[in-house]
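# Observations on the model geometry
Here are the chains, one letter per residue:
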Amino acid sequence: MITRQRLAAGVCALLAALTAGIAFPTGAVADETAEQAAPKVELVLDVSGSMRARDIDGGSRMSAAKQAFNEVLDATPEEVQLGIRTLGANYRGNDRKTGCKDTAQLYPVGTLDRTEAKTAVATLTPTGWTPIGPALLKAAADLDGGNGTRRIVLISDGEDTCQPLDPCEVAREIAAKGIGLTIDTLGLVPDAKTRDQLSCIADATGGTYTSIQHKEELTDRVGQLVERAADPVVTPVAVEGATACTSAPTLKSGLYTDREEFGQHRYYRVDVEPGQELRASVSVAADREVNPDYGVLLRAVTVHGREIVRGEAAGNGRTDVVSTGLRYPKAESDDENAPAETVCLQVSNSFSAASGVKTTPGMPVELTVDVVDGPDQASDVASFGLGRGWWLLGALVLTGFLAGVLWGWVSRLRIAVWRTN
């Protein structure tokens, strides 16, 4: 019995040691995230008259929004600078021109005073119009400045009532500025038109759309979006590609944004030293209604136009984003003074606009460029392409083998003891 207990204890100790080795590998790389400005979030709330409707868990849409805001304010991370803007909260009249200017900052973006912010939210009463476009323009100005994360969270229960200032076009204009501002939208018990409009706003800036039917859904989703702003991110750099390789901008490793018109070709240059590998990927967002059957092509070509390698992706139907990528390893050179090779990245698309859809500005393009040391061919083959993941697979195999052997010993001992007794 004592021997069995010791063996069982040994098995547990061995498994614990191996697990600790997996959880804390000795080759862990230190966090080198560059220090950025404090993340900023502005909650933009529709306080129009339709928010009086009592169709969310037996209560009004306004009361659900207030409850969600209070809970989110309690849980907002200390490092997040948060503000609140309203639309349709103050003007009760019927004058459209005045109603479409009805947006105000309820609580300024900055260090959060929870008591003060809750007091401001408690004063809200459903009132007037739904000027979503003007509110988004004002909210973007509220978040202007700094290089940290900037996020607008729009909560609305209806379409914008202030056309022709189309909120989708407003969102596209904000995205075209390349300031890295994301708009997430939430629709309270939305109809089809509201859902389409809010989805369009979110798609234009790389944000998300969520349909809300219950209080708990609203609280959880707003809380997730506020917390997400606190996560460290890489801010894309705005760049303008050229129509030919010879005049293209030279890019280093990083994340870049651009705009590409329907059916257009955009060129960018990257210098690759002997022994290095170029890794590139591109995503093109269909931020408006497009015709089905489309594709995105990313080519690496020489300055003379010869194709080196390509990546391509196709879609059929309403796909928000189409992405593809490529890898190009440049061989080592015996000449220590061998020059870098200039590789031209060509981004092209076969999207076409649906009838009546504006073709300008171009669609959002996100380009990732990474130039790294080329792989060691021998070790790459030996590890079956697993790279640094090889040690983890080996540890798991070893753990399973030792556990099986030790369990076999324990089983044999139990049988021996049983026969003796």
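Everything here concerns the structure above.
These lines cover the structure that appears in this document, whether it is placed above or below. (Residues numbered from 1 in each chain as written. Predicted model: local features only at pLDDT ≥ 70, side-chain atom pairs only at ≥ 80, totals over all residues. Heavy atoms only, no water.)

## Brief notes about the state of the cysteines
As a reminder of what qualifies: In this description, a disulfide is simply a cysteine sulfur pair whose atoms lie within 2.5 Å. Helix numbering and strand numbering both begin at the N terminus, where a helix is a DSSP run of H or I of at least 4 residues and a strand a DSSP run of E of at least 2. Here's how the labels work: a residue is buried when its accessible area is under 20% of the maximum for its type, exposed when over 50%, partly exposed in between, all with a 1.4 Å probe on protein chains only.
A full pass over the atoms with the stated rule returns 3 disulfides. A disulfide bridge connects Cys-100 with Cys-162, and the sulfur atoms are separated by 2.0 Å. Taking the sign of the S-S torsion, about -100 degrees here, the bridge from Cys-100 to Cys-162 comes out left-handed. Here Cys-162 lies in the loop between strand S4 (150–156) and helix H6 (167–176) and Cys-100 lies in the loop between helix H3 (96–99) and strand S3 (103–110), a separation of 62 residues in the sequence. Cys-100 gets classed as buried once you look at its relative accessible area, which sits at 13%. Given the relative accessible area of 5%, Cys-162 is considered buried. Disulfide pairing places Cys-245 opposite Cys-344 at an S-S distance of 1.6 Å. Taken as a pair, Cys-245 in the loop between strand S7 (237–238) and strand S8 (254–260) and Cys-344 in strand S14 (residues 341–349) lie far apart in primary sequence, 99 residues in all. As far as the burial class goes, Cys-245 and Cys-344 line up, both buried. Listing the disulfide partners of the chain by sequence rank of the bonded cysteines yields 1-2, 3-4, 5-6.

## Digging into the sheet that holds strand S13 (residues 321–329)
Backbone hydrogen bonds are what pair the strands of a sheet, in a parallel or an antiparallel way. To be explicit about the condition: Two strands are counted as paired when DSSP detects at least two bridges linking them.
Strand order in the open sheet made by the 5 strands is S7-S8-S15-S10-S13, with mixed pairing throughout. The open sheet has two edge strands, S7 and S13, and neither has a second partner. Where strand S10 (residues 276–285) lies against S13, 9 bridges are found, and the strand directions are antiparallel. By the bridge assignment, Ser-281 is partnered in S13 with Gly-325.

## Some words on H6
For H6, the buried fraction is high: 7 of the 10 residues fall into the buried class. Taken as a whole, H6 has its buried residues at Pro-167, Cys-168, Glu-169, Val-170, Ala-171, Arg-172 and Ile-174.

## Quick notes on the nonpolar core
Our working rule: For our purposes a nonpolar core is just a set of buried Ala, Val, Leu, Ile, Met, Phe, Trp, Tyr and Cys residues, chained together by side-chain atoms within 4.5 Å. In this description, contact between two residues means that some pair of their heavy atoms is separated by no more than 4.5 Å.
Counting 32 residues, the largest nonpolar core has Leu-43, Leu-45, Ile-155, Leu-186, Leu-218 and Val-226 as its most contacted members. Of all elements in the fold, only strand S1 (40–46), helix H2 (61–75), strand S2 (81–87), helix H4 (114–122), S4, strand S5 (181–188) and helix H8 (215–229) reach the threshold of two or more residues within this core. Ranked by the residues each element gives to this core, the list is headed by H2, at 7 residues. Contact partners of Leu-218, with chain neighbours within four places excluded, come to Ala-64, Ala-65, Ala-68, Ile-155, Leu-186, Leu-188 and Ile-212. In terms of nonpolar packing, the next biggest core, distinct from the first, is built from 28 residues, Tyr-328, Val-343, Met-363 and Leu-367 among them.

## A look at the packing of aromatic side chains
The condition that has to hold: Centres within 6.5 Å are what make two rings of Phe, Tyr or Trp a pair, Trp counting through its six-membered ring; a difference in plane orientation under 30 degrees is then read as stacked, over 60 as edge-to-face, and the rest as tilted.
Tallied over the full model, the rule gives 1 aromatic pair. The interplanar angle of 20 degrees and the centroid separation of 4.5 Å between the aromatic rings of Tyr-294 and Phe-351 together place this pair among those described as stacked. In this pair, Tyr-294 sits in strand S11 (residues 294–301) while Phe-351 sits in the loop between S14 and strand S15 (363–373), placing the two residues 57 residues apart along the sequence. Phe-351 matches Tyr-294 in its accessibility class, with the two residues each being buried.

## Brief notes about the sheet that holds S5
Worth spelling out the cut-off: What counts as an axis is a line fitted to C-alpha atoms, over the stretch in contact for a helix, and the angles between N-to-C directions run from 0 to 180 degrees.
Strand order in this open sheet of 6 strands is S3-S2-S1-S4-S5-S6, and the pairing throughout is mixed. Each of the sheet's edge strands pairs with one partner strand only, and the pair in question is S3 and strand S6 (209–212). If you compare each strand with its neighbour and ignore which way they point, the axes differ by 15 degrees on average. Of the strand pairs in this sheet, S1 and S2 are connected by 7 bridges, and their pairing is parallel. Within S2, the position partnered with Val-44 by the bridge is Arg-85. Helix H7 (residues 192–204) rests against S4, S5 and S6 of the sheet, and its axis sits at about 165 degrees to S5.

## A closer look at the packing of H6 against H7
Counted only if it meets this: Angles below 35 degrees are treated as roughly parallel, those above 145 as roughly antiparallel, those between 65 and 115 as roughly perpendicular, and all remaining angles as oblique.
Remark: H6 packs on H7, axes separated minimally by 8 Å, with the N-to-C direction vectors making an angle of 5 degrees. Classed by the angle they form, the pair H6 and H7 counts as roughly parallel. Contacts between H6 and H7 involve Pro-167, Cys-168, Ala-171, Arg-172 and Ala-175 from the first element and Gln-197, Cys-200, Ile-201 and Ala-204 from the second.

## So, the pattern of salt bridges
Defined as follows: The salt bridge criterion pairs a side-chain nitrogen of Lys or Arg with a carboxyl oxygen of Asp or Glu, the two atoms within 4 Å.
Taken as a whole, this structure holds 15 salt bridges when the rule is applied. Here Arg-114 and Glu-78 are joined by a salt bridge, their closest N and O atoms 3.7 Å apart. Taken as a pair, Arg-114 in helix H4 and Glu-78 in the loop between H2 and S2 lie far apart in primary sequence, 36 residues in all. Glu-78 sits in the exposed class, given a relative accessible area of 66%. When the shortest N-O distance is used, the salt bridge between Arg-266 and Asp-258 registers 3.1 Å. The exposure classification of Arg-266 matches that of Asp-258, with both residues buried. What emerges from the salt-bridge pattern is a single network uniting Arg-299, Glu-307, Arg-310 and Glu-312.

## Topic: the packing of H2 against H4
When two helices pack together, their arrangement is given by the angle between the helix axes and the distance between those axes. Cut-off, in case you're wondering: Each residue gets one of three labels, nonpolar for Ala, Val, Leu, Ile, Met, Phe, Trp, Tyr, Cys and Pro, charged for Asp, Glu, Lys and Arg, and polar for the others, Gly among them.
Across the interface, H2 lies against H4 with an axial gap of 10 Å and an inter-helix angle of 175 degrees. The angle between H2 and H4 places the two elements in the roughly antiparallel class. Side by side, H2 and H4 meet where Lys-66, Phe-69, Asn-70, Leu-73 and Asp-74 of the first sit next to Arg-114, Ala-117, Lys-118, Val-121 and Ala-122 of the second. Here the residues of the contact of H2 with H4 are counted per class, giving 5 nonpolar, 1 polar and 4 charged.

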